[in-house]
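In case you want the letters, here they are:
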Amino acid sequence: MKPVSAEKVRVSDTFWTPYMELVRKVIVPYQWEVMNDRVEGVAKSHAVANVRIAAGLEEGEFYGFRFQDSDLAKWLEAAAWCLATERDPGLESLADGLIEDLGRAQWPDGYLNTYFTLKEKGKRWTCERDSHELYVAGHLIEAAVAYRRATGKTRFLDIMRANADHIDSIFGPQEGKLHGYPGHQVTEMALVGLYGETGEKRYLDLARYFIDERGRKPAFFELEAAARGQPDDKGYFRERMAEYNQTHLPVREQKKATGHAVRAVYMYSAMADLAALDGDAKLAEACRELWKDVTRRQMFVTGGIGQDESWEGFSEDYDLPNASTYNETCASIGLVFWAARMARLERKGDYFDVAERALHNGVLSGISLDGRKYFYVNLLESLPSVVAGTRDMNYASTTRKGWFPCACCPPNLARLIASIGGYIYSSSPGGRGSPPNVSVQLYIASEASLDIAGAALRIALRGDYPRSGRIGISVSPDRPACFSLRLRIPGWCAGFRLSLNGGDLNLAPVEGYVSILREWASGDSVDLELPMPVRRVAANPAVTADAGKVAIARGPVIYCLEEVDNGPNLADIVLAAEPRFSERFEEGLLGGVVAVYADAFRRGNGGAGPREAGEGGIQDRASELAAWGDDLYRDYEPFNTPLRIKAVPYYAWDNRGENEMLVWIRQG
């Protein structure tokens, strides 16, 4: 399966188009200003200045992390996908200027990294475990490929091909080269993309080498340390660092996700790419086992991953704490990358079920509705007074921030949202008994053009998903063509209705897809209806953090309670045994969302009778606290206050001021 690339898709969606416009009109300009240090009150970036100083255009010193260049790389990729959607001479000129500055900062041998140019020129390629040299190169390569596709210009691609050629001269199995791999993965995925854009097999071979070499003994990072004259790490620390970097085993032997979550899913994405391209059965099986471990035992209901704050990574099976989790935004973004690549590897709806879950919840929660504030850490339960006293508020915050000292997440969000059109459709020419086919993976209103079964096909999708489950698809080949149209039936959907040109079809999903195989003609239409009742989601009993609790869901969207709607101390709210759900689209709420209402009760002062959402909660709470006085404990007395609670989509929380938030609600 090959995706229909974003530049060939025009999105016209009531949900995603406003986000794409936000990226183009607000987020990309805002982030440019931040990276030029022209926004007051946010963490300093200096990313643009670093490039200009390295290019000899300004005086000064390097500032920031060793990987500061990667912020600009992701910004450039976001700009590229914006230009693919709508040409903007001002933005294109800005991007072209930055690209020229990068070219001026590049060494004659192709090396490009402002940290090592300005601060540690003599230490190139001496500490890849910590230097992020390959990580920076990977993001720049991905941006260059996107810019070529969006604009047709080759200057950036030429710069990064020279950089990739330099890397190829440094790393590899040949004598005299470094027998190593990236500290922070992403280069592997980028090199596969560079191969796809250029057809140059050397780039694919280098990506494959990095994957194959990882985890082999003697360990590259230990050899690096010895060459630097540093003592070898011993015992537990060495083993933990190996797991942190996913170097504890060769990749085909890795069955359990461990270590830094973003590094891991970037590596798993490249593994899936290579497994599909090479037909590597062992690599494919490792991908499947790792997928099961992450999505069956280590993923939050929001599509968040990486629960351990100590190393921004994975923990133990079913260890899914809500108030103390990490859930880096970049990790959910990486999960989407991985899911899309697994779907290319094999035709199972589960992969885009997870991508959809992450996109509508764990990814979008990372950005404010105005596009100028971000979450690095995505909590599922937030009590501001507690979080402020126990967490690093630069990253684990109860309200979004304008920027971060380590700002990997904001431009990562921008590039994913800007390229969302590239995740909607895929196609395959067929073969080995399988007919040509076109797949619809995400229900985002859009139009795409592609070639299938000897015909030029225009496919258009309409609807108001995820607010509504009614979806229409127009199929218009320029000549009659026989192929299969495959539609994903989400795992959350208990039933569906399907019709072709007005006539009902009775088809059963296979591996999460229904397939309509026929000779298609211009004007054919398919209608799909996915019912979206409000549901209660329960966790595996092994997830002790969620014992006796449920999460509210509607379609792919997970809901939460906020203090602004329901009063403080949300943990005291208990959902009624029969909660009598109702739903209402509220255009003026959080940019227009479907709000969910339900019967519940709160342990309170009793006798007050039912209340609408938000009514009386704060006053009742104050009275209850006053009645307790200085007591810390009392004998339990059962008394409850009925109320009707209001839940809003999790992705939109913290857009009405800092307040409590809760995803998992006690069930009566």
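What you see is a predicted model; the values in this text were computed from it and never measured.

Colleague: Which residues make up the environment of Arg-644, and what values do they have?
Modeller: Tracing the chain through its elements places Arg-644 in strand β20 (residues 640-649). For Arg-644, a relative accessible area of 10% puts it in the buried group. Each C-alpha atom of the pair Arg-644 and Phe-581 lies 9.6 Å from the other, and the pair is 63 residues apart in sequence. At 2.8 Å, the side chain of Arg-644 forms a polar contact with the backbone oxygen of Arg-580.

Colleague: Go over unusual backbone geometry, please, and point to the residues and values.
Modeller: A cis amide bond links Lys-217 to the next residue, Pro-218, at an omega of 0°. With respect to the helices and strands, Pro-218 occurs in the loop between α10 (201-213) and α11 (220-227). Cis peptide bonds are those with omega within 30 degrees of zero, and the linkage from Tyr-465 to Pro-466 qualifies with 5°. Here Pro-466 is to be found in the loop between β7 (455-463) and β8 (470-477). Look at Asn-327: it is not a glycine, yet its phi comes out positive at around 50°. At Arg-580, a position not held by glycine, the phi torsion is positive, near 50°. Within the fold, Arg-580 resides in the loop between β17 (573-575) and β18 (582-586). Assessed through its relative accessible area of 54%, Arg-580 is described here as exposed.

Colleague: Please give an account of empty space enclosed by the protein that cites residues and values.
Modeller: Inspection of the entire model under this criterion finds seven cavities of 30 Å³ or more. As a volume, the second largest cavity reaches approximately 80 Å³. What lines the second largest cavity is simply Phe-15, Pro-466, Arg-467, Arg-554, Val-557, Tyr-559, Gly-592, Val-593, Val-594, Pro-649 and Tyr-651.

Colleague: Give me the pattern of salt bridges: which residues, what numbers.
Modeller: Taken as a whole and assessed by the stated rule, the structure comprises 57 salt bridges. In this structure, the salt-bridge partner of Asp-293 is Lys-256, at a minimum N-O distance of 3.6 Å. Of the two residues, Asp-293 is situated in helix α14 (residues 281-297) and Lys-256 in the loop between α12 (235-244) and α13 (261-278); the sequence distance between them amounts to 37 residues. Using a relative accessible area of 33% as the deciding quantity, one classes Lys-256 as partly exposed.

Colleague: Tell me about the layout of surface pockets, residues and numbers included.
Modeller: Approximately 1,700 Å³ is the volume attributed to the largest pocket. Together, 45 residues line the largest pocket, and Met-1, Lys-2, Pro-3, Asp-273 and Arg-344 are the ones closest to its centre. When residues in the lining of the largest pocket are grouped by element, the largest group, seven residues, is from helix α9 (residues 187-198). Broken down by class, the residue content of the lining of the largest pocket amounts to 21 nonpolar, 10 polar and 14 charged. For the second largest pocket, the calculated volume is near 480 Å³. Lining the second largest pocket are 26 residues; nearest its centre among them are Phe-67, His-132, Tyr-244, Arg-263 and Glu-312.

Colleague: Hey, could you go over the packing of aromatic side chains for me, with residue numbers and the actual values?
Modeller: If you walk through the whole model with that rule in mind, you get 32 aromatic pairs. For the pair Phe-67 and Tyr-135, a centre-to-centre distance of 6.3 Å together with 90° between the ring planes defines the contact as edge-to-face. Of this pair, Phe-67 sits in the loop between α2 (47-54) and α3 (69-85) while Tyr-135 is found in helix α7 (residues 133-151), placing the two residues 68 residues apart along the sequence. Tyr-135 matches Phe-67 in its accessibility class, with the two residues each being buried. Judged by centre distance (5.6 Å) and plane angle (85°), the ring pair of Tyr-111 and Trp-125 falls under edge-to-face. Of this pair, Tyr-111 sits in the loop between α4 (89-105) and α5 (114-118) while Trp-125 sits in the loop between α5 and α6 (128-131); the two residues are 14 residues apart in sequence, bridging distant segments of the chain. The buried category is assigned to Tyr-111, whose relative accessible area is 1%. Connected via pairs of aromatic rings, a cluster forms that spans Trp-107, Tyr-111, Trp-125, Phe-171, Tyr-181, Tyr-209, Phe-210, Phe-220 and Phe-221.

Conventions used here
Residues numbered from 1 in each chain as written. Predicted model: local features only at pLDDT ≥ 70, side-chain atom pairs only at ≥ 80, totals over all residues. Heavy atoms only, no water. Helix = DSSP H or I, 4+ residues; strand = E, 2+ residues; numbered from the N terminus. Buried < 20%, exposed > 50% of the residue type's maximum accessible area, 1.4 Å probe, protein only. Polar contact = N/O pair within 3.5 Å; in protein donor to acceptor, adjacent residues only side chain to side chain. 1 Å grid on protein atoms, 1.4 Å probe; cavity = no way out; pocket = protein on both sides within 12 Å on 5 of 7 lines; lining within 4 Å. Points joined across faces, edges and corners; volume = space filled by probe spheres on them. Salt bridge = Lys/Arg side-chain N within 4 Å of Asp/Glu carboxyl O. Nonpolar A, V, L, I, M, F, W, Y, C, P; charged D, E, K, R; others polar. Phe/Tyr/Trp six-rings, centres within 6.5 Å; stacked < 30°, edge-to-face > 60°.

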